[in-house]
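Working through the structure, step by step
Chain by chain, the residues run as shown.
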Amino acid sequence: MFVDPEHASSSGRSRPQRHRSSHREIADELRSRIRSGVLRPGERMPTQAKLADEFGVERGAVRQALRILQSEHLLTGVSKGSPATVAAVPGPARPPAGPAAPPQPTMVGLAPRVAAAFAAPHVRIDALCLTSVSLTLAIGEPLRQIHAGRLKPAKVDVRLLLPSRDIDLAFPTPVDADDGGLLHRRWLAQRNAQGLVLRQNLLALCTTHGVDVRVSFRALPFTPPVKLYLLGDSEALFAYYTLGRREREIEDEHVELYDADGTRSMLFAFERWAGQRDAAFVEQSRLWFEALWETISSDLVLTP
């Protein structure tokens, strides 16, 4: 945290010039100390004044960092008064991440991470997928926790990139038939129905709990071969849509098609604090999503 050449202090002594850390850098460093055991469960943190002096920042930046760690259940008692305390059982009950963590089916790996994300005062979730069915299912548990009074976010922002209704989908697609209209109508109905359920369930928090909720959709001009979930700026969850030959009964017709089961797609989890590789993946995933959102995507209306 201390870099660059020496400079003279007001007393005439020389000391290293300090890099002014961001609140996220401070959170990363304190998180590392907690998880490595340098700061133990039940131990009081240094005062905000001492942390501000250590990292060369104002106390406001320290408070922001402490609130991040509180939202991750690593700290308790964060306030302007007495020092915070390291949580007795640091960390939310979520699957591991990082290079050593195995991939898991989407509905196994996604749901606990989304629930943990809702512990933050400001929940930010961005997703790129074929439909929103996995995210809609995963958000069910934190919604129950909010209604039970165990989670109390102040603001929720959710953005989804979904394929446009106007494109020829790469999948699902018929194996033999030239006309994919039946499959397209079925996919479009699922896309719209799941998106409407997701939006309605989240917007209900406005009236029931006074949560500031924003849910936005934009349409992609292509069929995404992968799915991506971004939880704030700290996590990226990635899965491939792996196609297989399947049989379905659709509108009383027997159809052979190529399709993927997104709820079972193996999800790879990357966390910004899990090392350089993970941090780079999270950052580049965020840049990729923002670029698609701001450039080639278009307005999406959830109607037939």
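Scroll up to find the structure this text is about.
Now for a description of the structure that goes with this document. This structure is a prediction, so every number in the text was calculated from the model and none was measured.

Reported here for the largest pocket is a volume of approximately 560 Å³. Together, 24 residues line the largest pocket, and Arg24, Ile68, Ser71, Ala120 and His122 are the ones closest to its centre. For the lining of the largest pocket, the secondary-structure elements that each account for two or more residues are helix H1 (23-36), helix H3 (59-71), helix H4 (106-117) and strand S6 (122-128). A breakdown of the residues in the lining of the largest pocket according to their chemical character gives 8 nonpolar, 6 polar and 10 charged. Along its surface, the second largest pocket is lined by 18 residues, and Thr131, Val133, Gln190, Ala260 and Gly262 are the ones closest to its centre. Elements that contribute at least two residues to the lining of the second largest pocket include exactly helix H5 (133-147) and helix H6 (181-209). It is H6 that provides the largest number of residues to the lining of the second largest pocket, a total of 5 residues.

Pairing of strand S7 (residues 155-163) with strand S9 (residues 212-220), which is carried by 9 bridges, proceeds in the parallel orientation. Each bridged residue has a counterpart across the sheet, and for Leu160 the counterpart in S9 is Phe217. As judged from the 2 bridges shared by S9 and strand S15 (residues 298-299), these two strands associate in the antiparallel manner. Bridge pairing links Arg218 to Asp299 in S15.

Of all the residues in helix H2 (residues 48-55), the buried ones are Gln48, Leu51, Ala52 and Phe55. Across the axial projection of H2, the buried residues extend over an arc of 100 degrees, all falling on one side. Those residues of H2 that are exposed and angled more than 90 degrees off the buried face are Lys50 and Asp53. Positive phi shows up at Gly56, right after H2, with a value of about 70 degrees.

Quick look at the environment of Phe270 now. In this fold, Phe270 is placed in strand S14 (residues 266-271). For Phe270, a relative accessible area of 10% corresponds to the buried category. For the pair formed by Phe270 and Ser234, sequence separation is 36 residues and the distance between their alpha carbons is 8.4 Å. The contact partners of Phe270, leaving out residues within four places of it in the chain, are Ser234, Glu235, Ala236, Phe238, Arg277, Asp278, Phe281 and Val282.

Moving on, we get to the packing of H2 against H3. In contact at an axis separation of 9 Å, H2 and H3 are set at 105 degrees when each is read in the N-to-C sense. The angle between the axes of H2 and H3 places the two elements in the roughly perpendicular class. In contact with Gln48, Ala49, Leu51 and Ala52 of H2, H3 contributes Arg59, Val62, Arg63 and Leu66. Here the contact of H2 with H3 is built from residues that sort into 5 nonpolar, 1 polar and 2 charged.

Residue Pro172 follows Phe171 across a cis peptide bond; omega there is 0 degrees. By the element assignment, Pro172 lies in the loop between S7 and strand S8 (173-174).

Moving on: the environment of Ala65. Here Ala65 shows up in helix H3. Residue Ala65 is classed as buried on the basis of its relative accessible area, which comes to 0%. It is 9.6 Å that separates the C-alpha atoms of Ala65 and Arg31, two residues lying 34 residues apart in sequence. In contact with Ala65, not counting residues within four places along its chain, are His23, Ile26 and Ala27.

A few words on the environment of Val133. Within the element layout of this structure, Val133 appears in helix H5. Among residues more than four places away in sequence, those in contact with Val133 are Gln194 and Thr263.

This paragraph deals with the pairing of S6. Judged by how many residues are buried, S6 sits mostly within the fold: 5 of 7 residues are covered. Pairing between S6 and S7: 7 bridges, direction parallel. Looking at the pairing, Ala127 lines up with Leu160 of S7. The handedness of the S6 to S7 crossover, carried by H5, is right-handed. Where S6 meets strand S10 (residues 226-231), 4 bridges bridge the pair, whose relative direction is antiparallel. Looking across to S10, one finds that Leu128 is bridged to Leu228.

The rules behind these values
Residues numbered from 1 in each chain as written. Predicted model: local features only at pLDDT ≥ 70, side-chain atom pairs only at ≥ 80, totals over all residues. Heavy atoms only, no water. 1 Å grid on protein atoms, 1.4 Å probe; cavity = no way out; pocket = protein on both sides within 12 Å on 5 of 7 lines; lining within 4 Å. Points joined across faces, edges and corners; volume = space filled by probe spheres on them. Helix = DSSP H or I, 4+ residues; strand = E, 2+ residues; numbered from the N terminus. Nonpolar A, V, L, I, M, F, W, Y, C, P; charged D, E, K, R; others polar. Pairing = 2+ DSSP bridges. Buried < 20%, exposed > 50% of the residue type's maximum accessible area, 1.4 Å probe, protein only. Arc of directions from axis to C-beta. Contact = heavy atoms within 4.5 Å. Axes fitted to C-alpha atoms, helices over the stretch in contact; angles between N-to-C directions. Parallel < 35°, antiparallel > 145°, perpendicular 65-115°, else oblique. Right-handed = clockwise from strand over helix to strand, strands pointing away.

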